[in-house]
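Observations on the model geometry
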Amino acid sequence: MFNNLANKLYQTQLWKSIFRHGLPNTPKNQSLVTFTNVFLHLHSVKVKERTLRFDTTYWLGGISLMLFGLLTLTGIILMLYYVPSTTQAYENMKDLAFAVSFGDILRNMHRWSAHLMVLFVFLHMCRVFWSGAYKAPREFNWVIGVFLFLFTLLLSFTGYLLPWDQLAIWAITVGSNMAKYAPFVGPDIKFALLGGNAVGQNALIRFYVLHCVIFPLVVAVLLAVHFWRIRKDGGLADPGDPTSANVLM
Amino acid sequence: MHTNPNGANAPEIETHGERVTRRRFVQAGSAAAALALGGTAVGGIRYMFPNVLYEPPNSLKAGKPTDFADGTVTYFAEKNVFVRKAPEGFMAISAVCAHLGCTVSWHADKDLGEGQAKLDGEKLKGEFHCPCHGSVYTPKGEILAGPAPRGLDVFQVSIAKDGQLLVDLGAAATQREPIQV
């Protein structure tokens, strides 16, 4: 009976208008699943089984992506209770921790995922470096990855100010003064970053917009290019035959 | 080779001594995923209902009861409510028209005319008029004319601890009559 219902569903206009292929039970349809899906087609249609093994990549890039997804989700939900105002931000943060149901666990998920994402992106870069996966034809994707690491750090930095406690204010004071040491344009960078000379309301709303809108959008675009390049550059770097003397890892 | 309940070609995952079929694995995995997602959804929905609100209090302190003279109707703009003082006591009457929510105004000199019949033999003067669609109410907030489907809301009045008249805008009065406080 279930099969009958399913077969009827596959014949409907709605189903056919969304899925342009039959069930993925033939090699052709299995390829079409990837070809016709905007999200899946970033990936290769076929991958070498060996490159999917845990000890090939330690799944570090995938873990980083999962953390980014978790951060996006928890971040959007946290925005429902957070107002980026110097008079409200700290109290909103305390409310999330003590008064909002499940607010504390959400905030801590966001916080710990942020710490872990910096760690795992770094470890991912280490793995790529030590296994030589940055070499031609993958140099461009390595550069994309360096920018992704940079924006991970920038997301971390801008998120640091949002609780608007003493730690946040002084950390951003120190951080923006470090930017001031850049030659020639340093003072201007600091002024533009803070929207003024000190960490105040202008700085808070700037960091909030950068943290919640601009940097996540940049990362999302870079991620799409990053994954698409993996496919265009011949899939994940193959560590080679493990019995050979020339294997990289 | 052991027998496979899902047919000879169905793949299996070998474990120590036990055999887990693909079907069993997918069933258990789906159940665990459904449980996790369901729990997350319940928590997420609960999160949407705040436990602490920073809204202004839903009540009005209208001043000392002795400040009001008999037969007067006083408008409090910040809570959009009238306090009417009669010899029998106080009434708090909403200024929100029962039709579409405009603010009604008090006209002390208007004659109730045939509307007196609504007042159980009392002799009162004055009407509440809605400027938007012409609804008219008695000094007790009863509907006299116009499109409003019912009278103006009336609220409970009491005396606060500091001796002021307290109007509870969240609680409807039990009767449409002035009461002693």
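If you're wondering where the values come from, they're calculated on a predicted model, not measured in any experiment. Along each chain, residues carry numbers from 1 onward, in the same order as the chain's sequence is written. Here every chain gets a letter starting at A, and every ligand a number starting at 1, in the order they are written. Whole-chain, interface and lining totals are the exception, using all residues; otherwise, since this is a predicted model, local features are given only for residues with pLDDT of at least 70 and side-chain atom pairs are given and counted only at 80 or more.

Observations concerning the overall build of chain A
- A run of H or I in DSSP becomes a helix once it reaches four residues, and a run of E becomes a strand once it reaches two; helices and strands are each numbered from the N terminus. When you go through chain A residue by residue, the secondary structure sums to 12 helices and zero strands.
- Listed N to C, the secondary structure of chain A is α-α-α-α-α-α-α-α-α-α-α-α in terms of helices and strands.
- Two things to know: the radius of gyration comes from C-alpha atoms, and the globule rule equals 2.2 Å times the number of residues to the power 0.38. The C-alpha atoms of chain A give 23 Å as radius of gyration, which overshoots the globular expectation for 249 residues (18 Å, by more than 25%).
- Considering only C-alpha atoms, chain A reaches an extent of 65 × 55 × 30 Å along its principal axes.
- Counting all 249 residues of chain A, 23% fall into the buried class.
- Contact between two residues is assigned whenever their backbone-derived C-beta positions fall within 7 Å. When contacts within chain A are restricted to residue pairs at least 6 apart in sequence, long-range pairs at least 24 apart make up 63% of them. Residue burial is a threshold on neighbouring C-beta atoms within 10 Å of the residue's own C-beta, all placed from the backbone, with 20 or more meaning buried, 12 or fewer meaning exposed, and counts in between meaning partly exposed.

Digging into the overall build of chain B
- Counting its secondary structure elements, chain B contains one helix and 12 strands.
- Along chain B, helices (α) and strands (β) appear in the sequence β-β-α-β-β-β-β-β-β-β-β-β-β when read from the amino end.
- Relative to all contacts within chain B whose residues are 6 or more apart in sequence, the contacts with residues 24 or more apart total 43%.

Here we look at the packing of helix H10 (residues 166-180) of chain A against helix H11 (residues 186-194) of chain A
All names here are of chain A.
- Orientation is described by axes fitted as lines to C-alpha atoms, over the contacting stretch for helices, and by angles from 0 to 180 degrees between their N-to-C directions. Relative to each other, H10 and H11 sit at 145°, their axes nearing to 6 Å. On H11, the residues that touch Ser176, Asn177, Ala179 and Lys180 of H10 are Gly186, Pro187, Ile189, Lys190, Leu193 and Leu194.
- Along the lines of polarity and charge, the residues of the contact of H10 with H11 split into five nonpolar, three polar and two charged. Residues are grouped as follows: nonpolar covers Ala, Val, Leu, Ile, Met, Phe, Trp, Tyr, Cys and Pro; charged covers Asp, Glu, Lys and Arg; every other residue, Gly included, is treated as polar.

Concerning the sheet that holds strand E8 (residues 127-129) of chain B
Residues and elements named next belong to chain B.
- For two strands to be treated as a pair, DSSP must find at least two bridges joining them. Strand order in this open sheet of four strands is E7-E8-E9-E10, and the pairing throughout is antiparallel. The outermost strands of the open sheet, each flanked by one partner alone, are strand E7 (105-107) and strand E10 (143-145).
- Sheet topology note: the E7/E8 ladder contains three bridges and is antiparallel. Directly across from serine 105, in E8, lies its bridge partner histidine 129.

A few points about the pairing of strand E5 (residues 81-86) of chain B
All names here are of chain B.
- With four bridges joining them, strand E4 (residues 73-76) and E5 adopt antiparallel strand pairing. Across the sheet, residue threonine 74 finds its bridge partner in E5, namely valine 83.
- Here E4 folds back onto E5, and the loop between the two strands holds four residues, one of which, asparagine 80, carries a positive phi near 55°.
- Sheet analysis places E5 next to strand E6 (residues 89-94), joined by six bridges and oriented antiparallel. Residue pairing across strands places lysine 85 opposite phenylalanine 90, the latter belonging to E6.
- Where E5 hands over to E6, the hairpin turn is made up of two residues, counted between the paired strands.

Regarding the interface of chain A and chain B
- The interface of chain A with chain B comprises eight residues on the first partner and six residues on the second.
- Class assignment of the residues belonging to the side of chain A that touches chain B gives a composition of five nonpolar, two polar and one charged.

Topic: the confidence of the model for chain B
- Per residue, pLDDT captures the predictor's confidence, and it can take any value from 0 to 100. Of all residues in chain B, 90% have pLDDT values of 70 or greater, and the mean over the chain is 88.
- What the predictor reports for the complex is a pTM of 0.74 with an ipTM of 0.72.

What to know about unusual backbone geometry
Residue and element names in this part refer to chain A.
- Cis rather than trans, the peptide bond between alanine 136 and proline 137 has omega equal to 5°.
- Relative to the elements of secondary structure, proline 137 occurs in the loop between helix H8 (103-130) and helix H9 (139-161).
- Unlike most non-glycine residues, tryptophan 59 shows phi in positive territory, near 55°.
- The topology assignment puts tryptophan 59 in the loop between helix H5 (54-57) and helix H6 (60-78).
- A residue is classified by how many C-beta atoms lie within 10 Å of it, and tryptophan 59, with 17 of them, is partly exposed.
- We note that phenylalanine 184 has phi near 65°; this positive angle belongs to a residue other than glycine.

Remarks on the environment of glycine 170 of chain B
- Summarising the element assignment, glycine 170 of chain B is placed in strand E12 (residues 165-172).
- Taking the C-beta count within 10 Å as the criterion, glycine 170 of chain B has 9 such neighbours and is therefore assigned exposed.

Considering the nonpolar core
- In terms of nonpolar packing, the biggest core is built from 24 residues, with Val81, Val83, Ala92, Ile93, Val104, Leu152 and Val167 of chain B touching the most fellow members.
- Every element with two or more residues in this core is listed here: E5, E6, strand E11 (154-159) and E12 of chain B.
- Broken down by element, this core gets its largest block of residues, four residues, from E6 of chain B.
- Apart from residues lying up to four places away in sequence, leucine 152 of chain B is in contact with Ile93, Ser94, Ala98, Val104, Phe128, Tyr137 and Gly141 of chain B.
- Linking buried Ala, Val, Leu, Ile, Met, Phe, Trp, Tyr and Cys residues through C-beta atoms within 7 Å yields a set, and such a set is a nonpolar core. One finds Leu78, Ala168, Ile172 and Phe207 of chain A within the second-largest nonpolar core, a separate group that totals 21 residues.

What to know about the sheet that holds strand E3 (residues 59-61) of chain B
All names here are of chain B.
- Taken together, six strands build an open sheet; the order of strands is E3-E12-E11-E6-E5-E4 and the sheet is antiparallel. Only two strands of the sheet have a single neighbouring strand rather than two, namely E3 and E4. Between one strand axis and the next, the sheet turns by 25° as a mean value, whatever way the strands run.
- Relative to E12, E3 runs antiparallel, the two being bridged by three bridges. Note on E12: the bridge partner recorded for lysine 61 is leucine 166.

So, the packing of H9 of chain A against helix H12 (residues 201-232) of chain A
Residues and elements named next belong to chain A.
- Running from N to C, H9 and H12 point in directions that differ by 160°, and their axes come no closer than 9 Å. Classified by the interaxial angle, the pair formed by H9 and H12 is roughly antiparallel. In this structure, H9 crosses over H12, and the sense of that crossing is left-handed.
- Looking at the contact of H9 with H12 residue by residue, the class counts come to 19 nonpolar, six polar and one charged. Working rule for angles: under 35 degrees goes down as roughly parallel, over 145 as roughly antiparallel, 65 to 115 as roughly perpendicular, anything else as oblique. A crossing counts as left-handed when the near helix is turned anticlockwise from the far one by less than a right angle, and as right-handed when that turn is clockwise.

Focus: the environment of alanine 97 of chain A
Residues and elements named next belong to chain A.
- Here alanine 97 shows up in helix H7 (residues 89-98).
- We classify alanine 97 as partly exposed; it has 15 C-beta atoms within 10 Å.
- When the C-alpha atoms of alanine 97 and leucine 78 are compared, they prove to be 11 Å apart, with 19 residues separating the residues in sequence.
- Alanine 97 has contacts with Gly103, Asp104 and Arg107, leaving out every residue within four places of it along the chain.

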